[in-house]
Amino acid sequence: MSETVLVTGATGFIAQHCILQLLDAGYQVRGTARSDGRTQEVADILAPHLSDQARQRLRQDFEVVAADLTSDLGWDAAVAGCRFVLHLASPLPSSPPKDEQEVIIPARDGALRVLRAASTAGVERVVLTSSVAAICFGRDRDHLFTEDDWSDIDGPNIGAYERSKTIAERAAWAFMDSLAPQSRMELVVINPGLVLGPLLSREWSTSGELVKKLLERDVPAVPDFEFAMVDVRDVAAAHLAAMVTPEASGQRFICCIESHAMREVAQILADEFGAKGFKVPTGRLPNFLLRIVAIWDKQARLLLPEIGQSVNLDNSKIRRVLGLAPRDLHEMTVSMANSMIQYGVVTPRR
Ligand code: NDP
């Protein structure tokens, strides 16, 4: 069996960190993108971050092939000869979509396409990137959430993205249940919180929006909500560990540190980057003002259900089973901001 790993959504933030770690670990990697001819573009992003040895092997060990989550085309060829699949591709909108099916259909049907192709091709294990969005939304936040919890897609204040991740993950587990007993394929699910940490290029995913907005002082003060966050390098490491750890089979893993208020992120940015000309707001934005801003600002609208909410997620399983020792809030925040400055995503205000 070859040691080729398929990584779906190779143009994405977390996927590229997974690909880096896979190449550095000596795997051959095939990525997918929605369109043809993306190999060189992604290789150019990865190259500066790779070990010398992996960089030299990049040309022969890395390619990107075309496959869209909304079409059957390309998936059989993409999984052919792969031992493992990391399925990360999924829509991550930065504002609520007009029609929630725009997000739900690619997330659910895409996961099923990948699993179907993988099981037919004899893939050993698929690691699916779900989210805490599939664990603690549409529910009272009155207890410590564990991997036994599921978001309620009919509950109050649950958005299209959270629905899409819940529906896609449930569909994936149902697909696994439907496999013939002789099928050897295994599934592991990683459920990250909000992902911070260093960008690899000047592209930033939706999860970079908050740090970018704070550095650019796009908001006069900080909305009152908290997130469970995690460094992208730890999310990638969790995917690699999930791929090869025998006991991980058939399990989901919450992947985040304890929750922190957005104002803590703002304070770290103000302390570290204030002297460099970034006027980061640290005051609290009154809730009524966020509600007003949300009338015209779609991104603010996405945050409304989280106002004043706290969330406690138990990350002991990923530490215990996958040996993850996640980086702290300061490290993930500062490294994301530094990379945004390095790539010119943000510049100090004059
Ligand atoms: P990105 O937006 O950077 O990456 C998403 C990837 O999915 C991109 O490569 C994108 O391709 C691809 N994609 C979207 N729609 C389609 C489609 N129809 N067909 C094929 N590919 C598609 O996001 P992240 O790297 O942050 O997220 C990766 C995964 O992690 C997602 O499953 C997300 O839900 C999950 N996650 C992310 C968190 C975060 O805070 N970032 C938190 C928890 C989970 P293209 O470049 O062409 O748009």
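Further up the page is the structure itself.
All residue numbers refer to position in the chain's written sequence, counted from 1. Residues qualify for local features only when their pLDDT is at least 70, as the model is predicted, and side-chain atom pairs are given and counted only at 80 or more; totals for whole chains, interfaces and linings, by contrast, use all residues. With hydrogens and water set aside, each side-chain value is computed from the structure's full complement of heavy atoms.

(A) How the structure looks around the packing of aromatic side chains. The aromatic pairing rule takes the rings of Phe, Tyr and Trp, using the six-membered ring of Trp, and pairs them if the centres are within 6.5 Å, calling planes under 30 degrees apart stacked, those over 60 edge-to-face and the rest tilted. Per the counting criterion, the structure on display carries two aromatic pairs. Above the plane of the ring of F137 lies R141, whose end atom (NZ or CZ) is 4.9 Å from the centre. Ring-over charges, as used throughout, are those where CZ of Arg or NZ of Lys falls within 6 Å of the ring centre and within 35 degrees of the ring normal. In this structure, R170 is placed above the aromatic ring of W150, and the distance from its NZ or CZ to the ring centre is 4.2 Å.

(B) Representation of empty space enclosed by the protein in the model. Lining residues are those with an atom within 4 Å of a point, where the points come from a 1 Å grid over the protein atoms alone and group into cavities, where a 1.4 Å probe fits but cannot get out, or pockets, open sets with protein on both sides within 12 Å along at least five of seven lines. Grid points are joined across faces, edges and corners, and a volume is the space filled by probe spheres set on the points. Evaluated as defined, the whole model comprises one cavity of 30 Å³ or more. Of the voids in this model, the largest cavity is the one considered here, and its volume is about 60 Å³. Lining the largest cavity are H87, A89, S90, A107, A111, L128, T129, S130, K165, A168 and E169. Only DSSP runs of H or I covering at least 4 residues are called helices, and only runs of E covering at least 2 are called strands; the numbering of each starts at the N terminus. Mapped onto the lining of the largest cavity, the elements with two or more residues apiece are α5 (101-121), β5 (125-129) and α6 (160-178). Its residues placed into classes, the lining of the largest cavity shows five nonpolar, four polar and two charged. Polar here means any residue outside two lists: the nonpolar Ala, Val, Leu, Ile, Met, Phe, Trp, Tyr, Cys and Pro, and the charged Asp, Glu, Lys and Arg; Gly therefore counts as polar.

(C) Layout of a nonpolar patch on the surface. Residues forming no salt bridge and having over 30% relative accessible area are the ones grouped into patches, like charges within 9 Å of each other and nonpolar side chains (Val, Leu, Ile, Met, Phe, Trp, Tyr) within 5 Å. Per-residue and other accessible areas were derived by the Shrake-Rupley procedure at a 1.4 Å probe size, with only the shown protein chains allowed to occlude residues. Only one rule defines a salt bridge in this text: a Lys or Arg side-chain nitrogen within 4 Å of an Asp or Glu carboxyl oxygen. A surface patch of nonpolar side chains, about 560 Å² in accessible area, is lined by F288, L289, I292, I295 and W296. Its place among the elements puts I295 in helix α10 (residues 287-296). Whether a residue is buried, partly exposed or exposed follows from its accessible area with a 1.4 Å probe, protein chains only, as a fraction of its type maximum: under 20%, in between, or over 50%, in that order. Overall, I295 belongs to the exposed group, its relative accessible area being 65%.

(D) Focus on the sheet that holds strand β10 (residues 226-231). When DSSP finds two or more bridges between a pair of strands, those strands are recorded as paired. One open sheet accounts for three strands, arranged β8-β10-β12; its pairing is mixed. Both outer strands of the open sheet, β8 (194-196) and β12 (259-261), are each paired with one neighbouring strand and no more. Ignoring strand direction, the axes of neighbouring strands in this sheet form an average angle of 55°. Here, two residues are considered to be in contact whenever any of their heavy atoms come within 4.5 Å of each other. To define axes, lines are fitted to C-alpha atoms, for helices over the stretch in contact only, and angles between the resulting N-to-C directions are given on a 0 to 180 degree scale. Packed onto the sheet, helix α8 (residues 232-244) meets β8 and β10 and runs at close to 65° relative to β10. Taken strand by strand, helix α13 (residues 329-342) contacts β8, β10 and β12, and its axis lies near 75° from that of β10.

(E) Representation of the site of the ligand. Lining the immediate surroundings of the ligand are 25 residues, of which T11, R34, L88, Y161 and K165 lie closest. At a separation of 2.9 Å, an oxygen atom of the ligand approaches a polar backbone atom of V195. Relative to its unbound accessible area of 890 Å², the ligand is 86% covered by the protein chains. Elements supplying a minimum of two residues to the shell around the ligand: α1 (13-24), α6 and β8. Distances are taken per atom, and a residue is near a molecule or strand as soon as one of its heavy atoms is within 4 Å of it. Side-chain atoms alone can form a polar contact between residues adjacent in sequence; in general such a contact is a pair of N or O atoms within 3.5 Å, and within protein one must be able to donate a hydrogen while the other accepts it.

(F) Seen up close, the state of the cysteines. Note on terminology: disulfide denotes any pair of cysteine sulfur atoms within 2.5 Å. Evaluated as defined, the whole model comprises zero disulfides. Take C136: it sits in no disulfide, and the sulfur closest to it among the cysteines is that of C256, at 8.5 Å. For C136, a relative accessible area of 2% translates into the label buried. Free of any disulfide, C256 has its nearest cysteine sulfur in C255, 7.1 Å distant.

(G) Summary view of helix α3 (residues 52-61). Among all positions of α3, only A54, L58 and D61 are buried. Projected down its long axis, α3 carries its buried residues within an arc of 105°, all on one side. Counted as exposed and oriented over 90 degrees from the buried face of α3: D52, Q56, R59 and Q60. The directions considered for the arc run from the helix axis to the C-beta atoms.

Coordinates in, geometry out; function isn't part of it.
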